Amino acid sequence: MAAGDQLPSVRSLCQSRKVSPATVLKAYETLEAEYLIESRPRSGYYVRARRQQPMPPRTSRPKAQSTRLEVSDLVFQTLEASRNREVVPLGSAFPSPTQFPWPKLARYLGSSARHLDPWSTIESLPPGSVELRQQIAKRYLRLGMTVGIEQIVVTAGALEALSLALQCVTRPGDTIAIESPTFYGCLQAAQRLGLHVVEIPMHPTEGLDIEALEASIVKFPIRACWFMTTLQHPTGATLSQTRKRELVRLLASHDIPLIEDDAYSELQFASKPEPPAKAFDKAGRVLHCGSFSKCLAPGYRLGWVAAGRYSADLSRRKIEASIATSLPVQQGIAQMLRHGGYETHLISLRRNLAASQLAALESLQRHFPVGYRVAAPRGGYFLWVECGTRVDSLDVHRRALDFGITIAPGPIFSARQQFKNYLRLNTGHPWTNAMEQATQKLGHLLRRY
Ligand SMILES: Cc1ncc(COP(=O)(O)O)c(C=O)c1O
């Protein structure tokens, strides 16, 4: 079919192919997710025009060496700039807060607080509320995984989970393997705990280079790994199931624990999300860290870790760190998961995020100078954009701020301030005119280099 052609109606396709409307709709949704067709309201589905697609960013090439960290103030400056609701939040780390079920959350939180059994404040000390851990265990079951509630420790967001996990498996002065680029929270946590890091190369869509990891394991005394195997931050890459299995097998053969940072897994666009590497862990060496911050309740600060053989130690460290996580919040979220239509909310959130990712990619095509490279992640709300080699993203960051636009500059995602010509753009907000004008402005700025 040619660009602009209308696809057959759902009804006619059902008749001609002898299939159900659900099957046709599913097929059309799949084609839409691949950007091959588009739906037009009250009109039907049409074949999309194909523009020349930009190439994905290049595979990263960090130096194979162990680095002691000094994370720059830049991370805080970038976070600070995104606080103001008047700026165009292309540099924000958060999805638009307007996309969450606040009234429902408030109802469940209120009712949990009203019906709180006073004794539960003591009984629910770490590992945490039984109701919540049961609900989290059920989410694992949906992915085909059996994770007992005794393994799950409730934390204040994924960041606390990750930090406690790191404390469980390392001592100051140890070396850990991380991805390059990586989430700046990982760099900060490693710095705080006095760890050295070895950066492992990443392919922008296929994810971690496991062969390079294997070579680093031979060369350096790696005590633990911190990897985002699904919707990696900032690239959006997801390791295939086969590669996740290989990763777990490799680490098991060297007795190295894996801290799996899985803050974005619920934001996979596919109707059947892929399980984490933890699914292949037979020996309890994977500490899988999850969160409700990105998918259900930002600001409630609720996360967890399924810590395998480290659960008891992690639970004690949680008590040492902060006694417990707010119980009304734990109970409220547990009720929301049980009764509040979490799955329906997720479906609409993922659909919105997929739509704004698509709008953002198209906007880049319209406004960015040719030669930039980007891949479309299969979920989440970040684009990792490689610009021309002369681009200085720190300079772009400063200049864009003058126009009320934020971006996240590449060097904040690296232990050695690499990725000078990369930007992370946030697509987690509805794609408004202001966003469109902001990418146009960024396009102008990029042409200056
Ligand atoms: C990859 C990654 N892990 C963990 C976190 C922290 O999650 P939480 O807000 O649940 O602490 C973030 C937040 O930005 C993140 O991007």
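Preceding block: the structure.
Heads up: these notes are all about the structure in this document. Keep in mind it's a predicted model, so treat the numbers as computed, not measured.

Conventions adopted
Residues numbered from 1 in each chain as written. Predicted model: local features only at pLDDT ≥ 70, side-chain atom pairs only at ≥ 80, totals over all residues. Heavy atoms only, no water. Near = heavy atom within 4 Å. Polar contact = N/O pair within 3.5 Å; in protein donor to acceptor, adjacent residues only side chain to side chain. Areas by Shrake-Rupley, 256 points an atom, 1.4 Å probe, with all protein chains shown as cover. 1 Å grid on protein atoms, 1.4 Å probe; cavity = no way out; pocket = protein on both sides within 12 Å on 5 of 7 lines; lining within 4 Å. Sits in = over half its atoms within 2 Å of the grid points. Helix = DSSP H or I, 4+ residues; strand = E, 2+ residues; numbered from the N terminus. Nonpolar A, V, L, I, M, F, W, Y, C, P; charged D, E, K, R; others polar. Buried < 20%, exposed > 50% of the residue type's maximum accessible area, 1.4 Å probe, protein only. Contact = heavy atoms within 4.5 Å. Pairing = 2+ DSSP bridges. Phe/Tyr/Trp six-rings, centres within 6.5 Å; stacked < 30°, edge-to-face > 60°. Lys NZ or Arg CZ within 6 Å of the ring centre and 35° of its normal. Salt bridge = Lys/Arg side-chain N within 4 Å of Asp/Glu carboxyl O. Points joined across faces, edges and corners; volume = space filled by probe spheres on them. Core = buried A, V, L, I, M, F, W, Y, C linked by side-chain atoms within 4.5 Å.

**Considerations on the site of the ligand**
No. 1: In the vicinity of the ligand, 14 residues are found, and the nearest of them are Ala 158, His 233, Tyr 264, Ser 291 and Lys 294.
No. 2: Within the contact set of the ligand, an oxygen atom lies 2.7 Å away from a side-chain nitrogen or oxygen of His 233.
No. 3: One nitrogen or oxygen atom from the side chain of Lys 294 is found 2.8 Å from an oxygen atom belonging to the ligand.
No. 4: In the complex, 94% of the free accessible area of the ligand, which totals 400 Å², lies under the protein chains.
No. 5: Taking a 2 Å distance to the grid points as the criterion, the majority of the atoms of the ligand fall inside the second largest pocket.
No. 6: In terms of residue count, the dominant contributor to the shell around the ligand is helix H7 (residues 157–169) (4 residues).
No. 7: Among the residues making up the shell around the ligand, the classes are represented as 7 nonpolar, 4 polar and 3 charged.

**Considerations on the environment of Leu 346**
No. 1: Structurally, Leu 346 can be placed in helix H13 (residues 342–367).
No. 2: Assessed through its relative accessible area of 0%, Leu 346 is described here as buried.
No. 3: Along the primary structure Leu 346 and Ala 360 are separated by 14 residues, whereas in three dimensions their C-alpha atoms are 21 Å apart.
No. 4: Setting aside its immediate chain neighbours within four residues, Leu 346 contacts Arg 139, Glu 266 and Cys 295.

**Some words on the side chain of Thr 406**
No. 1: Structurally, Thr 406 is set in the loop between helix H14 (393–402) and strand E13 (408–409).
No. 2: Accessibility expressed as a relative area gives 1% for Thr 406, which makes it buried.
No. 3: Every residue in contact with Thr 406, bar those within four places of it in the chain, is listed here: Ala 81, Ser 82, Val 87, Val 88, Pro 89, Leu 90, Gly 91, Ser 92 and Leu 401.

**Side note on the sheet that holds strand E14 (residues 422–426)**
No. 1: Strand order in the open sheet formed by 3 strands is E12-E14-E13, with antiparallel pairing between adjacent strands. The sheet is open, and its two edges are formed by strand E12 (382–386) and E13, each paired on a single side.
No. 2: Summarising the sheet, E12 and E14 pair through 5 bridges and their orientation is antiparallel. Bridge pairing in E14 links Phe 382 to Asn 426.

**Considering the pairing of strand E11 (residues 303–306)**
No. 1: Neither face of E11 is exposed, since Gly 303 and Val 305 on one face and Trp 304 and Ala 306 on the opposite face are all buried.
No. 2: Where strand E4 (residues 152–155) meets E11, 4 bridges bridge the pair, whose relative direction is antiparallel. Across the sheet, Thr 155 pairs through a bridge with Gly 303, a residue of E11.
No. 3: Bridging between strand E10 (residues 286–291) and E11 involves 4 bridges; their strand directions are antiparallel. When the sheet's bridge partners are listed, Ser 291 is paired in E11 with Gly 303.

**Digging into the packing of aromatic side chains**
Any aromatic ring pair is given by two values, namely how distant the centres are and how the planes are angled relative to each other.
No. 1: Counting across every chain of the model gives 14 aromatic pairs.
No. 2: Considering the side-chain rings of Tyr 381 and Phe 382, the 4.6 Å spacing of their centres and the 50° angle between planes classify their relative orientation as tilted.
No. 3: Taking the relative accessible area as the measure of exposure, Tyr 381 reaches 1% and is therefore buried.
No. 4: What makes Phe 382 buried here is its relative accessible area of 6%.
No. 5: Following the ring pairs from residue to residue traces out a cluster consisting of Phe 183, Tyr 184, Trp 384, Phe 413, Phe 419 and Tyr 422.
No. 6: Across the ring face of Tyr 46, the terminal group of Arg 40 is positioned such that the distance to the ring centre comes to 3.8 Å.

**A look at the pattern of salt bridges**
No. 1: For the structure on display, the rule yields 19 salt bridges.
No. 2: Of the charged contacts, one joins Arg 40 and Glu 38 as a salt bridge, the two residues approaching to 3.3 Å between their closest N and O atoms.
No. 3: Using a relative accessible area of 25% as the deciding quantity, one classes Glu 38 as partly exposed.
No. 4: For Arg 285, the salt bridge identified is with Asp 255, shortest N-O distance 2.7 Å. Taken together, the residues Arg 285 in the loop between strand E9 (258–261) and E10 and Asp 255 in the loop between helix H10 (241–253) and E9 connect sequence positions 30 residues apart.

**Structural notes on the layout of surface pockets**
No. 1: Reported here for the second largest pocket is a volume of approximately 1200 Å³.
No. 2: If you trace the second largest pocket, you find 41 residues lining it, with Ser 92, Ala 93, Phe 94, Pro 95 and Lys 294 closest to the centre.
No. 3: Of all the elements in the fold, those that place two or more residues in the lining of the second largest pocket are helix H3 (74–81), H7, helix H8 (184–192) and helix H15 (433–447).
No. 4: No other element matches the 4 residues that H7 contributes to the lining of the second largest pocket.
No. 5: Among the residues making up the lining of the second largest pocket, the classes are represented as 20 nonpolar, 14 polar and 7 charged.

**What about the nonpolar core?**
No. 1: By size, the foremost hydrophobic cluster in this structure holds 40 residues, and its most contacted members are Leu 166, Ile 176, Trp 226, Ile 259, Leu 287, Val 305 and Leu 314.
No. 2: Of all the elements in the fold, those that place two or more residues in this core are H3, H7, strand E5 (175–180), H8, strand E8 (222–227) and E10.
No. 3: In terms of residue count, the dominant contributor to this core is H7 (8 residues).
No. 4: Beyond its immediate stretch of four places on either side in the chain, Ile 259 contacts Leu 162, Ala 165, Leu 166, Val 169, Cys 225, Trp 226, Phe 227, Leu 287 and Cys 289.
No. 5: Residues Ile 136, Ile 152, Tyr 300 and Phe 382 belong to the second largest nonpolar core, which totals 34 residues.

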